[in-house]
Amino acid sequence: MKLFVTAMAMGVLTMLAGCQSAPDIEDQVDALYDKMSQEERVAQLRSMYMDELFDDKGQLDPAKCRELIPNGIGHFSQFCMQKPRDPNEIRDRVAAVQKWLMENTPNGIPALCHEEVLSGVNTKGSTIYPQQIGQACSFNPELAELKTRQTATAMRKMGGVLSLSPMVDVCRNPSFNRLEESYGEDGYLSAVMGVAFVNGLQQSDLKKGVGACSKHYLGYGGGGDAPEKELMEDIILPHEAMVRVAGSKAVMPGYHVMAGKKQQCVADSTILQGILRGYLEFDGMVVSDYTAIDQLVLNEELRMKNEESGAKSEESGAKSEESNIDPAVMKAAAAINGGCDVDFPHGANYKYLPEALEKGLVKPEAFERAVKSVLRYKFRAGMFDKDAYLYSKEDIQLDTPEERQTAYDIATQSIVLLENNGVLPLANVQKVFLTGPNANSMWSMCGDYSFPAMSFFWKMVKEDLDHPHTITLLEGMTDCLKDSPISLSYSQGCDWTEEIETKFSELGDERAWEYGILHRKVEPTDKIDKGEALRLANEADVIVAAVGENVMLCGENRDRQGLRLPGKQEEYVNELIATGKPVVLVVFGGRAQVISGLAEKCAAVIQAWYPGEEGGHAVADILFGKVTPSGKLSVSYPKEELNEPVCYNYPQTSSSSKIAWPFGYGLSYTTFEYSDLQMDSLAKTTDESLTLSFKIKNTGKAAGDEIAQVYISPQDAKSPVRPIQLQGFARVALQPGETKTVTVKLFIEQFGYYYRESVPQWRREAGDYLVKIGASSQDIRLQQQVTLDDVLVSNTRREHYFSEVKID
């Protein structure tokens, strides 16, 4: 029997116990705060790059420390990524700095070292796992948790205590350039995967694990424009679950402005104070995105608030003429008053907090809240303990065999088979031809926030980036065919783009607002000879065309015009199709790309996303049938160019001709039969839950995993409950002919909805609902009506977030 909870559903009492600070920690925070000078307090709210404290020989420079951090420092930004270094050297640097801080600053407070860990630790040699948009297609929170547990173990050894991951924005615009970092368009799936990410990373103990940071709160990537009901039901759900279920203690607001608001999220007191700290009862630390505070627009409303604060300070004798206030001072005041505790990456604005405090622009309680939030986090992480785990003394090895195996397992489960006319798996063939810009390139495997991508984009490094070694598709197919009579030929055939397609825009991190960073392209991996490629194509039995995007065509601060294949890739694939040989199209990239008009002419289509360092092996093993594809789409796959929100639970999306393949869709090499749905037809709104069960049988000839999805739909078209909503899923592994029973405990709250009169409420009301069991959001195999009876029930917020699933 296999038992698991879809992202650790738990009762509110257990949840709140993890959210509240122990009284002894509060006493210690208060005592330390009272001992600190104002300069020390401000220092805790700032960050810097650790390399600034070392000399050219790599030794800590005490003179620089005395000059730059005499009162300590709260944080070190991206401590693993400043330069390519051995993990033991990174650890030694952390050890030297922490020792100096504890021995030479007034209260000996160690610093929080943070790093990005979206697809593994962002440092040379660390395992590169598949990008999140692909991992969501696995519908496997257990593997997601294993990934981050491995990540945290490695990072904590190097001295990392805090991560700036995961991104759990519910991204519903197919064109969003950072969609790859998200878990897709559904709030429930994003919440399940986000909670798994936190559970693995934090390891149930911030003294041993690495702290997670929920970002980009709230509604980055288009969700901020959603109506309040959608915002509070779907868009906030991953953040809410990470905080209230998994105990995440750090939140990062986005760069954006919420719909109807005048101020960026980093200074928006409604979402940071009212919703986050009020409604969600968050008691952790809010940190800015890099340079976000500096990007604050000093609109009239903000100026008036600061003038009011200045007028109050004038009454007490302080001078504060608005025209004499540096904009950086006003931005610092706006952010900290709005609810942001820490200024990343180097405290460029919070260094002016002393002046803002002197002028009366900063509320004293806001300043105290911010400093105590940082200190509380450090106490929770055990940084003041006598046996504090600040780093490991053992030899640190990255990218272990176990980590590579996890990367491979996630990759095989992330890849989605979209079309197959029977050509796959490749078996009864003699000659296979591989071609395309992504056929022999690490850039088809590595998404943003991996060591190669960050080095290439931000630092403009082109050489020596293959650390750890990334298996290309050519290498993977070659390995797969070592003992096979099938022959493999290769020619790149075409480039990603002939011209620079990356769009320049002043969005996101302002460090990338340089023409030189964006005005370039990835050079082709190999010589391009289209004549040679077409000759080899004509000689082959099957053509595998590896196409799509790369690190310069999507990601933070970079985008391109449109979603069709870049450059002349589509033209090239049409030439391959014209040979009359079956073409297997393998699409790589950080988002779904429009391939309508092309996909219909291909023998098979695979969406591979950015599958990580073992992606070449994973795709190859699926192509040749060593692994049966099992991924299901975490997005609605567009049929045409779309730059607007789409989601399977929008009525206009579910019936739209603009969608090629629906959310939850994915083919297999085998077939599955659903049967015997058992469920009571009546429940009460006051009940805690109802239970259902159904059977799945593998009716094909290949072993495979099926992802069964549980949806809820109201029967009344006027119901405030969304027309269809994912509320559970089960990944079921089956041998040919094998049958298993899936039992699902649905909480009655999952039939509920958000409602606000004077205060927010989570309501559930009487009515008729269909519980649907599907192979996708549109392929419903079983369904049964349940009637909820009894009174209207209202709670302050959700208490049960996820269904519980058992597989027998």
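Residues numbered from 1 in each chain as written. Predicted model: local features only at pLDDT ≥ 70, side-chain atom pairs only at ≥ 80, totals over all residues. Heavy atoms only, no water.

**Student:** With reference to specific residues and values, describe the pattern of salt bridges.
**Tutor:** One pass over the full model with this rule turns up 47 salt bridges. Of the charged contacts in the structure, one is a salt bridge between Glu89 and Arg85, with a shortest N-O distance of 3.5 Å. Ionic pairing is found between Lys215 and Glu116, a salt bridge with its closest N-O pair at 3.1 Å. Of this pair, Lys215 sits in strand β6 (residues 214-217) while Glu116 sits in the loop between β4 (112-115) and α6 (132-136), placing them 99 residues apart in sequence. The structure contains a network of salt bridges with shared partners spanning Arg172, Lys229, Glu230, Glu233, Asp234 and Arg722. (Salt bridge = Lys/Arg side-chain N within 4 Å of Asp/Glu carboxyl O. Helix = DSSP H or I, 4+ residues; strand = E, 2+ residues; numbered from the N terminus.)

**Student:** Requested: an account of the sheet that holds strand β11 (residues 487-491), with residues and values cited.
**Tutor:** Pairing within the open sheet is mixed, and its 6 strands lie in the order β9-β14-β13-β12-β10-β11. Every interior strand has two partners, whereas the edge strands, β9 (416-420) and β11, have only one. Mean inter-strand twist for the sheet, computed between neighbouring axes without regard to direction, equals 20°. Direction of pairing for β9 relative to strand β14 (residues 604-609): antiparallel, over a ladder of 4 bridges. Within β14, the position partnered with Leu417 by the bridge is Ile606. (Pairing = 2+ DSSP bridges. Axes fitted to C-alpha atoms, helices over the stretch in contact; angles between N-to-C directions.)

**Student:** Got a sec to walk through the packing of helix α18 (residues 473-480) against helix α22 (residues 615-623)? Specific residues and values, please.
**Tutor:** Interaxial distance between α18 and α22 falls to 7 Å at its minimum, and their mutual angle equals 50°. One element, α18, and the other, α22, form an angle in the oblique class. Relative to α22, the crossing made by α18 is right-handed. Contact with α18, carried on its side by Leu473, Gly476, Met477, Asp479 and Cys480, involves Gly616, His617, Val619, Ala620, Asp621 and Leu623 of α22 and no other residues of that element. Classifying every residue of the contact of α18 with α22 by side-chain character gives 6 nonpolar, 3 polar and 2 charged. (Parallel < 35°, antiparallel > 145°, perpendicular 65-115°, else oblique. Left-handed = near helix turned anticlockwise from the far one by under 90°. Contact = heavy atoms within 4.5 Å. Nonpolar A, V, L, I, M, F, W, Y, C, P; charged D, E, K, R; others polar.)

**Student:** Which residues make up the sheet that holds strand β23 (residues 753-756), and what values go with them?
**Tutor:** One open sheet holds the 3 strands; their spatial order is β23-β24-β27, and the pairing between them is antiparallel. Either end of the sheet is taken by a strand with one partner, and the two such strands are β23 and β27 (793-795). Shown here is a sheet whose adjacent strand axes are inclined to one another by a mean of 40°, direction ignored. Note: strand β24 (residues 760-764) against β27, 3 bridges, orientation antiparallel. Bridge pairing links Arg763 to Ser794 in β27. Sitting on the sheet, helix α9 (residues 228-235) touches β23 and β24, and the angle it makes with β23 is about 135°.

**Student:** Lay out the environment of Arg93 with the relevant residues and their values.
**Tutor:** Structurally, Arg93 is set in helix α5 (residues 87-104). The exposure class of Arg93 is buried, given its relative accessible area of 8%. Excluding its chain neighbours within four sequence positions, the residues that come into contact with Arg93 are Met50, Asp51, Phe54, Gly58 and Arg85. Of the polar contacts made by the side chain of Arg93, one reaches the side chain of Asp51; its length is 3.2 Å. (Buried < 20%, exposed > 50% of the residue type's maximum accessible area, 1.4 Å probe, protein only. Polar contact = N/O pair within 3.5 Å; in protein donor to acceptor, adjacent residues only side chain to side chain.)

**Student:** Tell me what's going on with empty space enclosed by the protein, and back it up with residues and numbers.
**Tutor:** One pass over the full model with this rule turns up 8 cavities of 30 Å³ or more. Of the volumes computed, that of the largest cavity is approximately 100 Å³. Contributing to the lining of the largest cavity are 14 residues, with Leu237, Gln727, Trp762, Arg798 and Tyr801 lying nearest its centre. Elements that contribute at least two residues to the lining of the largest cavity include exactly α9 and β21 (725-734). In terms of residue count, β21 provides more of the lining of the largest cavity than any other element does, 3 residues in total. For the lining of the largest cavity, the class distribution of residues is 5 nonpolar, 4 polar and 5 charged. (1 Å grid on protein atoms, 1.4 Å probe; cavity = no way out; pocket = protein on both sides within 12 Å on 5 of 7 lines; lining within 4 Å. Points joined across faces, edges and corners; volume = space filled by probe spheres on them.)

**Student:** Can you explain the state of the cysteines? Please cite residues and give values.
**Tutor:** Evaluated as defined, the whole model comprises 0 disulfides. Not part of a disulfide, Cys494 finds its nearest cysteine sulfur in Cys602, a span of 13 Å. With a relative accessible area of 7%, Cys494 lands in the buried category. (Disulfide = S-S within 2.5 Å.)

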